Amino acid sequence: MAIATQSRGGYLERPRPSGLADVIDVILDKGLVIDAYVRVSLIGIELLTIDARIVIASVDTYLRFAEAVNRLDIAHDDTQHGLPDLMESITSGGAESKTKGAIEGIKDKLTGDDDDDEDSGGQQSSGSRSRSRASSRSSSGSSRSSSGSSRSSRSSSGSSSSRSRSRKKSS
Amino acid sequence: MSDGPVYVYGVAAVAKTPLSVSTRGVEAARIRAIEDDGLLALISDVRGESLATAREVRAHWRVLDEASESATVLPVRFGTVLEDEDGVRARLLEPNAERLKELLRELDGRVQLTLKGDYDEQLLLRQVVEESDAVARLRDRVRSVPAEAAYYERIRLGEMVAAQVDQRRAEDTRMALETLEPLAVAAREEDATRPDAALSLSFLVDRDRVPQFNDGVRKLATRFGDRISLRYVGPLPPYSFADIQLDPEAVAWA
């Protein structure tokens with residue numbers, strides 16, 4: 001059973017059962033890949049894997065960074081504006097209002113049902129952050145999710161594995 | 001036994017005690033193992049109607065979790081379906097037998113522990129401004145003129161901040177690796193997914209060294225203090241260390 005702990009202010013809290021949000025990255029992106037397989041393209045799996053991995057690259061992001069540092073002094077008494085806010089707007093982009101309903105729906109799907117409730121308790125800020133990440137990721141996927149087993153062509157998933165750098169030591 | 005498409009969860013070595021999994025798989029199907037020359041694949045029948053939900057992702061995860069309690073299992077990536085049992089043998093097990101066996105030996109008795117860190121963005125940006133004169137100067141300039149007049153300077157400012165954040169990310173990742181790599185068999189740097197991500201690392205750790213590794217993580221958390229909040233997940237089956245592309249067809253050896 002996977003457990004997860006979380007540090008706030010420099011210490012790790014006691015272990016707790018982990019929710020799907022904690023492991024979804026590795027489940028979707030890692031593991032053996034069979035080239036000739038059918039990878040079902042539902043919930044926008046492709047999008048879940050490519051999705052919100054917007055690393056700091058675009059002009060848009062630079063501008064947001066600039067705004068964030070400009071706001072710093074004000075932020076003394078109003079600390080709610082910062083990167084998490086920015087992330088929201090970056091990941092959901094211009095279509096924010098349009099996709100809101102879909103986001104809520106997918107959020108329920110991803111984190112709401114059955115035993116995943118167990119991680120809604122002590123997860124605090126970073127929990128809600130990863131939650132909103134999962135939801136905003138899949139929001140873009142919702143528009144193109146289809147149903148039925150699509151015997152789709154090979155997926156592009158091999159690319160993500162090559163991006164993680166191996167730092168293997170002799171064992 | 002049925003003859004339809006099957007969903008594949010993972011690969012393990014055949015052992016004296018058969019690997020049985022009681023957790024239901026995707027579409028609530030029963031899990032079974034098929035064998036081929038010392039290897040087994042955990043599979044279930046699949047209709048492919050409802051893989052859309054988080055429930056199916058969770059089923060995949062839980063099945064692998066349970067199987068990994070009693071064996072070393074190489075996880076197959078979520079959503080992998082082959083045409084039938086023969087397909088599992090012909091496309092997965094037979095053509096890759098040597099590679100899979102080698103990987104299983106390598107990962108035997110080892111688990112994956114994953115560590116993610118997020119910056120406290122207020123602390124992070126404040127530090128960037130305080131410690132970089134160039135950023136502080138440009139910020140003062142940008143603030144002294146109307147936003148639309150300083151468009152390119154704002155981009156430049158953001159770019160400088162982003163570069164500083166990248167640098168910190170590299171330093172913090174290095175610090176984490178310095179502390180934890182000696183306690184692990186292997187480490188992998190995962191992609192940073194968000195601007196406020198400080199680090200994202202997966203470690204392969206001998207099962208009996210997990211307590212020492214936990215201590216290492218605790219030490220690291222203390223060193224990072226308020227700057228970085230850590231999320232520590234595991235033990236997991238070695239997803240990130242079985243992250244390879246396999247050959248689909250049998251190679252015809254002469």
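Refer to the structure presented above.
About the cut-offs
Residues numbered from 1 in each chain as written. Chains lettered and ligands numbered in written order. Predicted model: local features only at pLDDT ≥ 70, side-chain atom pairs only at ≥ 80, totals over all residues. Heavy atoms only, no water. Helix = DSSP H or I, 4+ residues; strand = E, 2+ residues; numbered from the N terminus. Buried < 20%, exposed > 50% of the residue type's maximum accessible area, 1.4 Å probe, protein only. Contact = heavy atoms within 4.5 Å. Areas by Shrake-Rupley, 256 points an atom, 1.4 Å probe, with all protein chains shown as cover. Salt bridge = Lys/Arg side-chain N within 4 Å of Asp/Glu carboxyl O. Arc of directions from axis to C-beta. Axes fitted to C-alpha atoms, helices over the stretch in contact; angles between N-to-C directions. Parallel < 35°, antiparallel > 145°, perpendicular 65-115°, else oblique. Nonpolar A, V, L, I, M, F, W, Y, C, P; charged D, E, K, R; others polar. Pairing = 2+ DSSP bridges. Core = buried A, V, L, I, M, F, W, Y, C linked by side-chain atoms within 4.5 Å.

**Student:** Would you explain the overall build of chain A in this entry?
**Tutor:** Secondary structure summary: chain A contains 7 helices and 6 strands in total. Traced from its N-terminal end to its C-terminal end, chain A shows the element sequence β-β-β-α-β-β-α-α-α-α-α-α-β. Classification of the 171 residues of chain A by burial places 50% in the buried group. A separation threshold of at least 6 residues defines the contact pool for chain A, and within that pool the share at least 24 residues apart is 65%. Here chain A displays about 7700 Å² of accessible surface, and carbon together with sulfur accounts for 51% of that area.

**Student:** Explain the overall build of chain B to me, please; I cannot follow it from the model alone.
**Tutor:** Helix and strand counts for chain B stand at 7 helices and 10 strands. In chain B, which comprises 254 residues, the proportion classed as buried is 60%. For chain B, the proportion of contacts with a sequence separation of at least 24, taken over those separated by at least 6, is 75%. For chain B, the exposed area adds up to about 10500 Å²; of that, 49% sits on carbon and sulfur atoms.

**Student:** What exactly am I supposed to notice about unusual backbone geometry here?
**Tutor:** Negative phi characterises most residues that are not glycine, and trans characterises most peptide bonds. Residue and element names in this part refer to chain B. Looking along the chain, the bond that leaves G234 and enters P235 is cis, with omega of -5°. By secondary structure assignment, the location of P235 is in strand 9 (residues 228-236). In the Ramachandran plot, E27 falls in the positive-phi region, its phi being about 55° despite a non-glycine side chain. Mapped onto the secondary structure, E27 falls in the loop between strand 1 (6-13) and strand 2 (32-36). One non-glycine residue, A28, adopts positive backbone phi at about 55°. Tracing the backbone shows A28 in the loop between strand 1 and strand 2. On the accessibility criterion, A28 (49% relative accessible area) is partly exposed.

**Student:** Would you explain the pattern of salt bridges in this entry?
**Tutor:** Side-chain pairs of opposite charge can arise where the charged atoms are in close proximity. Residue and element names in this part refer to chain B. Summed over all chains, the structure comprises 15 salt bridges over all chains. Of the charged contacts in the structure, one is a salt bridge between D86 and R89, with a shortest N-O distance of 3.9 Å. Of this pair, D86 and R89 both sit in helix 2 (residues 85-93), 3 residues apart, roughly one helical turn. Take R89: its relative accessible area is 23%, and that puts it in the partly exposed class.

**Student:** It is not clear to me how helix 3 (residues 97-107) of chain B should be interpreted in this structure. Could you clarify?
**Tutor:** All names here are of chain B. Residues of helix 3 that are buried: A97, L100, L103, L104 and L107. Looking straight down helix 3, one finds its buried side chains confined to an arc of 135°; they lie on one side. Counted as exposed and oriented over 90 degrees from the buried face of helix 3: E98 and R105.

**Student:** Before we go on, may I ask you to explain the packing of helix 4 (residues 121-131) of chain B against helix 5 (residues 133-144) of chain B in this structure?
**Tutor:** Between two packed helices, what matters for the description is the angle formed by their axes and the separation of those axes. Residue and element names in this part refer to chain B. Contact geometry for helix 4 and helix 5: axes closest at 5 Å, N-to-C directions at 95°. As summarised for this structure, helix 4 and helix 5 are arranged roughly perpendicular, according to the angle between their axes. Residues V128, V129 and E131 of helix 4 pack against D133, V135, A136 and R139 of helix 5. Of the residues contributing to the contact of helix 4 with helix 5, the split by class is 4 nonpolar, no polar and 3 charged.

**Student:** So what exactly am I meant to see when it comes to the pairing of strand 3 (residues 39-45) of chain B here?
**Tutor:** Consecutive side chains along a regular strand alternate between the two faces of the sheet. All names here are of chain B. Within strand 3, 6 of the 7 residues are buried, leaving the element largely enclosed by the surrounding structure. Direction of pairing for strand 1 relative to strand 3: antiparallel, over a ladder of 7 bridges. Its bridge partner lying in strand 3, A13 is registered against L39. Alignment of strand 2 against strand 3, held across 5 bridges, turns out to be antiparallel. Note on strand 3: the bridge partner recorded for A33 is L42.

**Student:** How should the side chain of T179(B) be read in this particular structure?
**Tutor:** Residue and element names in this part refer to chain B. Along the polypeptide, T179 turns up in helix 6 (residues 151-180). Under the relative-accessibility criterion, T179 is labelled buried at 16%. Residues within four places of T179 in sequence aside, it is in contact with G216, L220 and R223.

**Student:** Explain the environment of F78(B) to me, please; I cannot follow it from the model alone.
**Tutor:** Residues and elements named next belong to chain B. Its location among the elements puts F78 in the loop between strand 4 (73-75) and strand 5 (80-82). Look at F78 and you get buried, because its relative accessible area is 0%. Separated by 68 residues in sequence, F78 and G10 have C-alpha atoms that sit 9.8 Å apart.

**Student:** Could you clarify how one ought to interpret the nonpolar core in this entry?
**Tutor:** Within soluble globular proteins, side chains that are nonpolar tend to cluster in buried spots. Of all hydrophobic cores here, the largest spans 39 residues; its most connected members are L115(B), L157(B), V161(B), L180(B), F203(B), F213(B) and L230(B). When residues of this core are traced back to their parent elements, those giving at least two are helix 3 (59-70) of chain A together with strand 6 (110-119), helix 4, helix 5, helix 6, strand 8 (197-206), helix 7 (210-224) and strand 9 of chain B. Here this core gets 7 residues from one element, more than from any other, and that element is helix 6 of chain B. In this view, F203(B) contacts V111(B), Q112(B), L113(B), L177(B), L180(B), E181(B), A184(B), A186(B), A187(B), F213(B) and F241(B); residues no more than four positions away in its chain are not counted. With 27 residues, the next largest nonpolar core counts I27(A), L28(A), Y9(B) and V26(B) among its residues.

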